[in-house]
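# Structural characterization, general
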Amino acid sequence: MMDTIFGKIARGEIPADIVYEDEDVVAFRDLHPQAPIHILVIPRKPIRTLNDLEAADAELVGRLFLAARKVAEREGIAAAGYRTVINCNAAAGQTVFHLHLHLLGGRPLRWPPG
Ligand code: AMP
């Protein structure tokens, strides 16, 4: 698959404001935050979109959410509330084709998002 900017961040080839990382997952602050807390949680494995997930990725997806939960706690937004979003393909606004989970919080979030 084609490399992306998130692949480079996961490999430490370009800088990012990393707030959490482990063997499988990296989390870093979004460059253009849409909320006071806006963090992207990505698998190190380069999966293009949610459509490309395979059964073998089930545990990895669980790890993404566990990392999001941990980061939300660390950032102090767990109790107040936060949102997780995965955009899939162009109509949903996906611009970077390396699966990523947006973690948003730190202010009241409108629903539906529009
Ligand atoms: P999406 O629209 O769901 O594909 O989200 C891509 C997100 O990546 C956007 O919110 C961008 O602001 C963010 N972004 C793009 N490049 C970088 C980067 N180098 N470091 C951090 N965030 C980035």
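Residues numbered from 1 in each chain as written. Predicted model: local features only at pLDDT ≥ 70, side-chain atom pairs only at ≥ 80, totals over all residues. Heavy atoms only, no water.

Moving on: the pattern of salt bridges. Here the idea is simple: oppositely charged side chains can pair when their charged atoms come close. Summed over the entire model, instances satisfying the criterion amount to 10 salt bridges. Between Lys-8 and Asp-3 there is a salt bridge, and its shortest N-O distance comes to 3.4 Å. Judged by relative accessible area, which is 31%, Lys-8 ranks as partly exposed. With relative accessibility at 38%, the residue Asp-3 sits in the partly exposed group. The salt bridge involving Asp-3 is made with Arg-11; its shortest N-O contact spans 2.7 Å. In the salt-bridge network here, residues are joined through shared partners; they are Asp-3, Lys-8, Arg-11 and Glu-13. (Salt bridge = Lys/Arg side-chain N within 4 Å of Asp/Glu carboxyl O. Buried < 20%, exposed > 50% of the residue type's maximum accessible area, 1.4 Å probe, protein only.)

Before going further, it helps to examine the sheet that holds strand 5 (residues 101–105). Taken in spatial order, the five strands line up as 1-2-3-5-4 in an open sheet, and their pairing is antiparallel. The strands lining the two open edges of the sheet, one partner per strand, are strand 1 (18–21) and strand 4 (82–85). Along the sheet, successive strands turn relative to each other by an average axial angle of 20°, direction set aside. Where strand 2 (residues 25–29) and strand 3 (residues 37–43) come together, five bridges link them in antiparallel fashion. The residue of strand 3 that forms the bridge with Phe-28 is Leu-40. In the packing of helix 2 (residues 58–75) onto the sheet, the strands contacted are strand 1, strand 2, strand 3, strand 4 and strand 5, and the crossing angle to strand 3 comes to about 155°. (Pairing = 2+ DSSP bridges. Helix = DSSP H or I, 4+ residues; strand = E, 2+ residues; numbered from the N terminus. Axes fitted to C-alpha atoms, helices over the stretch in contact; angles between N-to-C directions. Contact = heavy atoms within 4.5 Å.)

Attention shifts here to the packing of aromatic side chains. The final tally for this structure, using the stated rule, is one aromatic pair. On the numbers, 5.3 Å between centres and 75° between planes, the contact of Phe-6 with Phe-28 is edge-to-face. Note that Phe-6 is positioned in helix 1 (residues 5–10) and Phe-28 in strand 2, a separation of 22 residues in sequence. There is no split in this pair, since Phe-6 and Phe-28 are both buried. (Phe/Tyr/Trp six-rings, centres within 6.5 Å; stacked < 30°, edge-to-face > 60°.)

So, on to the site of the ligand. Taken together, the neighbourhood of the ligand is formed by 16 residues, with Asp-30, Gly-93, Thr-95, His-100 and His-102 sitting nearest. The side chain of Asn-87 places a nitrogen or oxygen atom 2.9 Å from an oxygen atom of the ligand. Burial of the ligand by the surrounding chains reaches 84%, relative to a free accessible area of 510 Å². Elements represented by at least two residues in the shell around the ligand include exactly helix 1 and strand 2. Counting residues per element, the shell around the ligand draws most heavily on helix 1, which supplies three residues. When grouped by side-chain class, the residues that make up the shell around the ligand number seven nonpolar, seven polar and two charged. (Near = heavy atom within 4 Å. Polar contact = N/O pair within 3.5 Å; in protein donor to acceptor, adjacent residues only side chain to side chain. Areas by Shrake-Rupley, 256 points an atom, 1.4 Å probe, with all protein chains shown as cover. Nonpolar A, V, L, I, M, F, W, Y, C, P; charged D, E, K, R; others polar.)

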